Amino acid sequence: MKPASLLLRRGLIGAILLSSLGLAAGPASAAPLTLRYGHMNSPSSVAGLQAQMFADKVKEYTHGEVVIQVYPSSQLGKLQELAEATSTGVIALSHNTAGGIGALYEPVAALDTPYLYRNVDHLMKVTDINSPVMKSLNQGLMDSAGVRVLYAYDFGTRELTTNKAVYGPADLAGVKIRSLPFPIYMTAVEALGAVPVPVDWSEVPTALATGQVSGQENPVDVVLSNKLYESQSYLIRTGHITNPELIIMNDRTWKKLSDAQRDAFSRAAEETRAKATEMVLSQETTQLEKLKELGMKVIGPEDGLDLKAFQDRAHALVQERFGKKFGELYQQIAAIK
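Let me begin by describing the structure that accompanies this report. (Residues numbered from 1 in each chain as written. Predicted model: local features only at pLDDT ≥ 70, side-chain atom pairs only at ≥ 80, totals over all residues. Heavy atoms only, no water.)

**Quick word on the overall build of the protein chain**
Within the protein chain, the secondary structure is distributed over 12 helices and 9 strands. The dimensions of the protein chain, computed from C-alpha atoms along their principal axes, are 100 × 45 × 30 Å. Put simply, the protein chain has 337 residues, and 53% of those count as buried. A sequence separation of at least 24 residues applies to 75% of the contacts in the protein chain between residues at least 6 apart. Surface accessibility of the protein chain: about 15,300 Å² in total, with carbon and sulfur atoms responsible for 54%. (Helix = DSSP H or I, 4+ residues; strand = E, 2+ residues; numbered from the N terminus. Buried < 20%, exposed > 50% of the residue type's maximum accessible area, 1.4 Å probe, protein only. Contact = heavy atoms within 4.5 Å. Areas by Shrake-Rupley, 256 points an atom, 1.4 Å probe, with all protein chains shown as cover.)

So, in structure tokens, the structure goes:
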């Protein structure tokens, strides 16, 4: 009879050999699928927070099978570069304005048309991925650019910031205002009465500091989280775009997921969409007060802002430039109740 210690030692050696050959009892744990999510916003903004929230939920709901690494603050590229990288599959996910995604499939840009939505509830119904509008736009995106919209949330209402008091379009005559480098946004800035200057978000602080532009437009959350109050004196409540933010994913990557993983992504998307919208809506009043405390002067309709003048200019320019192109889509959006 062999000594017990010798049998034990031989057993351990055998287990090590089997393990090294992949033959040990029980399945070997597979390495997680790691995906990159790049975006332009600061980690502390709602856009940045929701990206990390979505990543955390995906990891939880896939039981660690899929890990999303989030790269904020334009680490992986500028606005358009991120959209294109998602289309080619260089990165798996990104988020952008509808105007930005419109560079991949033009009709999506219609979702960022000035003064388009009746209210936030209307925006959320239109941008639900199961709405007839989004089903059509998503199919177009997949066919033309190889990306799909996973979800969209209310990014906030875009307001104007400047270094002068503004009460109507005439006050902005000849004033250079930063615009996202997309046609629908250039039109929105023109509708305000200003001269649009396309500048990527990563370059906005420098453009404001050097006087390349005298103002910009963004939701209140972005103004506060990026400390734009340090270079801008006024926040003008033009409310010219109620803004959906679209989270897109490379379609080939999506199709490689298992059915269970896709279900996990969809669950994470729906929960993140609701939470991010809630965060934007609940924080806006507080953030406005904070900006006032930090020295910004807020001008709204109650202070004499001629909101109708901005709206009339916007409607006229939109009809002139996009009426034929997006007219049917605008009717579909208006029909959603």
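**Description of the side chain of asparagine 41**
Along the chain, the position of asparagine 41 falls in the loop between strand S1 (33-38) and helix H2 (46-61). Of the residues examined, asparagine 41 reaches a relative accessible area of 5% and is grouped as buried. Here histidine 95 takes part through its side chain, which lies 2.7 Å from a polar atom of the side chain of asparagine 41. Apart from the residues lying within four places of it in its own chain, the contact partners of asparagine 41 are Ala47, Gly48, Pro72, Ser73, His95, Phe155 and Glu245. (Polar contact = N/O pair within 3.5 Å; in protein donor to acceptor, adjacent residues only side chain to side chain.)

**Details of unusual backbone geometry**
The phi angle at histidine 63 is positive, at roughly 55°, despite the residue not being glycine. Phi at serine 74 takes a positive value of approximately 60°, unusual for a residue other than glycine. Checked against the element boundaries, serine 74 lands in the loop between strand S2 (66-71) and helix H3 (79-88).

**Quick notes on the environment of serine 45**
One can find serine 45 in the loop between S1 and H2. For serine 45, a relative accessible area of 1% translates into the label buried. In this structure, the C-alpha to C-alpha distance between serine 45 and proline 32, residues 13 residues apart in sequence, is 28 Å. Beyond its immediate chain neighbours, meaning those up to four positions away, serine 45 contacts Asp221 and Ser225. From its side chain, serine 45 meets the backbone nitrogen of glycine 48 in a polar contact 3.1 Å long.

**Details of helix H6 (residues 132-145)**
Taking 1.5 Å of rise per residue, 14 residues should cover 20 Å, and H6 covers 20 Å from first to last C-alpha, within 8% of that figure. Among the residues of H6, those classed as buried are Val133, Met134, Leu137, Asn138, Gly140, Leu141, Met142 and Ala145. Looking at the buried positions of H6, the neighbouring elements they touch are H3, helix H4 (98-101), helix H5 (120-126), strand S4 (147-162), helix H10 (251-256) and helix H12 (307-335). Of the residues flanking the end of H6, it is glycine 146, one or two places downstream, whose phi is positive at about 70°. (Expected span 1.5 Å × (residues − 1).)

**Some remarks on the pairing of strand S6 (residues 195-198)**
Of the pairings in the sheet, the one linking strand S5 (residues 176-179) to S6 comprises 4 bridges and is parallel in character. Across the sheet, lysine 176 pairs through a bridge with valine 195, a residue of S6. Once the chain exits S5 it traverses helix H7 (residues 183-191) before rejoining the sheet at S6, and the crossover so formed is right-handed. (Pairing = 2+ DSSP bridges. Right-handed = clockwise from strand over helix to strand, strands pointing away.)

**Points about the pattern of salt bridges**
Counting across every chain of the model gives 14 salt bridges. The partner of arginine 148 in a salt bridge is aspartate 251, with the nearest N and O atoms 2.7 Å apart. Note that arginine 148 is positioned in strand S4 and aspartate 251 in helix H10, a separation of 103 residues in sequence. One continuous salt-bridge network, built from bridges that share partners, spans Lys57, Arg267 and Glu271. (Salt bridge = Lys/Arg side-chain N within 4 Å of Asp/Glu carboxyl O.)

**Observations regarding the packing of H7 against H12**
In the contact formed by H7 and H12, the axes pass within 8 Å of each other and the chain directions differ by 155°. Comparing their axes, H12 and H7 come out roughly antiparallel. Residues Pro183, Ile184, Thr187, Glu190 and Ala191 of H7 lie in contact with H12, whose contacting residues are Phe310, Arg313, Ala314, Leu317, Arg321, Phe322 and Tyr330. Each residue belonging to the contact of H7 with H12 can be placed in one class, and the counts come to 8 nonpolar, 1 polar and 3 charged. (Axes fitted to C-alpha atoms, helices over the stretch in contact; angles between N-to-C directions. Parallel < 35°, antiparallel > 145°, perpendicular 65-115°, else oblique. Nonpolar A, V, L, I, M, F, W, Y, C, P; charged D, E, K, R; others polar.)

Function cannot be read off these values alone, since they describe shape.
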